[in-house]
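Geometric and topological summary
So the chains spell out like this:
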Amino acid sequence: MIRSMVERLATRLQQNPDDRQGWLRLASAYDVLGETAKAAEARARAAAATQ
């Protein structure tokens, strides 16, 4: 269930890549799941976001 919620957030962010807070939430969720590479990628996307 948690993994599906994280995947929905990731999908939404692909459609709205300027959502900085969303990318940070996604990074935190990936940290909890132990997916450190995906967390780092999400943080990089957050840094590049304009909002």
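Remember, predicted model here, so these are calculated numbers, not experimental data. (Residues numbered from 1 in each chain as written. Predicted model: local features only at pLDDT ≥ 70, side-chain atom pairs only at ≥ 80, totals over all residues. Heavy atoms only, no water.)

One finds V6, L9, A10, L13, W23, L26, A27, Y30, A39, A42, A46 and A49 forming the largest nonpolar core, which totals twelve residues. If you list the elements that add at least two residues to this core, you get α1 (2-15), α2 (20-33) and α3 (36-48). In contact with A10, other than residues within four places in its own chain, are L26 and Y30. (Core = buried A, V, L, I, M, F, W, Y, C linked by side-chain atoms within 4.5 Å. Buried < 20%, exposed > 50% of the residue type's maximum accessible area, 1.4 Å probe, protein only. Helix = DSSP H or I, 4+ residues; strand = E, 2+ residues; numbered from the N terminus. Contact = heavy atoms within 4.5 Å.)

Moving on to the packing of α2 against α3. At their nearest, the axes of α2 and α3 sit 8 Å apart, and the two run at 170° to each other. In this view, α2 runs roughly antiparallel relative to α3, as classed from their interaxial angle. Judged by the twist between their axes, the crossing of α2 over α3 is left-handed. Judged by residue contacts, R20, W23, L24, L26, A27, S28, Y30 and D31 of α2 engage K38, A39, A42, R43, R45 and A46 from α3. (Axes fitted to C-alpha atoms, helices over the stretch in contact; angles between N-to-C directions. Parallel < 35°, antiparallel > 145°, perpendicular 65-115°, else oblique. Left-handed = near helix turned anticlockwise from the far one by under 90°.)

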